[in-house]
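# Descriptive structure summary
Each chain, written out:
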Amino acid sequence: MSLTDEERAVYEWQIWVPGFGETGQEKLKDSSVLVSRVGGLGSVVAYELAAAGIGRLVLAHAGNIKPSDLNRQLLMTHAGLGQPRVTSAERRLRELNPRLEILPVGENLSEENAAQLVGEVDLVVDCAPRFPERFAMNRQCVRQGKPLIECAMYDMEAQITTILPGQSPCLGCLYPEDPPAWKREFPVFGAVSGTVGCLGAMEAIKVLSGLGEPLAGTLLTCDLRNMTFHRRRLLRQPDCDICGDAANDRGVS
Ligand SMILES: [Zn+2]
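Quick summary incoming for the structure in this document. All of these numbers come straight from a predicted model, not from anything done at the bench.

### What to know about the side chain of Lys29
Within the fold, Lys29 resides in helix 3 (residues 21–29). Among the polar contacts made by the side chain of Lys29, one reaches the main-chain carbonyl oxygen of Ser2 at a distance of 2.9 Å. In this structure Lys29 touches Met1, Ser2, Leu3, Thr4, Glu7, Gly53 and Gly55, once residues within four positions along its chain are discounted.

As structure tokens, then:
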């Protein structure tokens, strides 16, 4: 899909990025992304993708805005307290980019809706805090062959990896079981969730446009308390329930 003159003007500064160009911008315009939860992480992912000119966003998040959302959920506003999160998110994103197509879904991802929501898009950014949701997303992305950016944070730490089904390890290779320590509510600054949200948006832009090298098979961990960043190689587990040999034989993936 070629760009309009208005789009060329809006995206001019990123079209200058070597290796991206007008072709990269056209690929973003043709792309759709599911952001699973638009909280601390997902608000920033969605905002950066909207700013970058993604064609279509599917936003999935249940519930209404609470006071304790406002330190980090940057698509939520004080005036929107008590109103649905996806409504506020859609309004803020449209203010930034009126060309953007948005499908707001007032539900969290689950085993029931994962297949349909993943089927709507080209790529998924998983910003859900709890593992049952993240496992359901991982299973569907592997099954449907859709790239999945996995972002997480706790306290001052953040981590991110990019899952390219069939090429890189999946979330099940990293976490064979639900880690009991992860909770829905946890200590965090908005600047920490925002940091990993920007990294997640950049990974999505790279995978969709073919720019640079994504974090496939690599876990990036960031400790913002002392600003240390580490890359750890991840290995695919042949006995993984989701992407391993037995799962392939059963036709799971
Ligand atoms: Zn796996």
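### A closer look at the nonpolar core
Of all hydrophobic cores here, the largest spans 42 residues; its most connected members are Val33, Val35, Leu49, Leu57, Leu59, Leu93 and Val125. Not counting chain neighbours up to four residues away, the residues in contact with Leu57 comprise Val33, Val35, Ala46, Leu49, Leu93, Leu100, Glu101, Ile102 and Leu103. Ala60, Val105, Val118 and Cys173 belong to the second largest nonpolar core, which has 25 residues in total.

### Some points on the sheet that holds strand 3 (residues 101–105)
Strand order in the open sheet made by the eight strands is 3-2-1-4-5-6-7-8, with mixed pairing throughout. A strand with exactly one partner marks an edge of an open sheet, and here the two such strands are strand 3 and strand 8 (228–233). On average, each strand axis in the sheet is tilted by 15° relative to the strand beside it, whichever way the strands run. Here strand 1 (residues 32–36) runs beside strand 2 (residues 56–60); their pairing, made up of five bridges, is parallel. Bridge pairing in strand 2 links Ser36 to Ala60. Running at roughly 170° to strand 3, helix 5 (residues 85–96) makes contact with strand 2 and strand 3 of the sheet.

### Focus: the packing of helix 3 against helix 9 (residues 190–209)
Contact geometry of helix 3 with helix 9 gives a least axis separation of 9 Å together with a crossing angle of 105°. One finds that helix 3 runs roughly perpendicular with respect to helix 9. Here Gly24, Lys27 and Leu28 of helix 3 lie close against helix 9, whose contacting residues are Ile205, Leu208 and Ser209. Of the residues that constitute the contact of helix 3 with helix 9, the class distribution is three nonpolar, two polar and one charged.

Conventions adopted
Residues numbered from 1 in each chain as written. Predicted model: local features only at pLDDT ≥ 70, side-chain atom pairs only at ≥ 80, totals over all residues. Heavy atoms only, no water. Helix = DSSP H or I, 4+ residues; strand = E, 2+ residues; numbered from the N terminus. Polar contact = N/O pair within 3.5 Å; in protein donor to acceptor, adjacent residues only side chain to side chain. Contact = heavy atoms within 4.5 Å. Core = buried A, V, L, I, M, F, W, Y, C linked by side-chain atoms within 4.5 Å. Buried < 20%, exposed > 50% of the residue type's maximum accessible area, 1.4 Å probe, protein only. Pairing = 2+ DSSP bridges. Axes fitted to C-alpha atoms, helices over the stretch in contact; angles between N-to-C directions. Parallel < 35°, antiparallel > 145°, perpendicular 65-115°, else oblique. Nonpolar A, V, L, I, M, F, W, Y, C, P; charged D, E, K, R; others polar.

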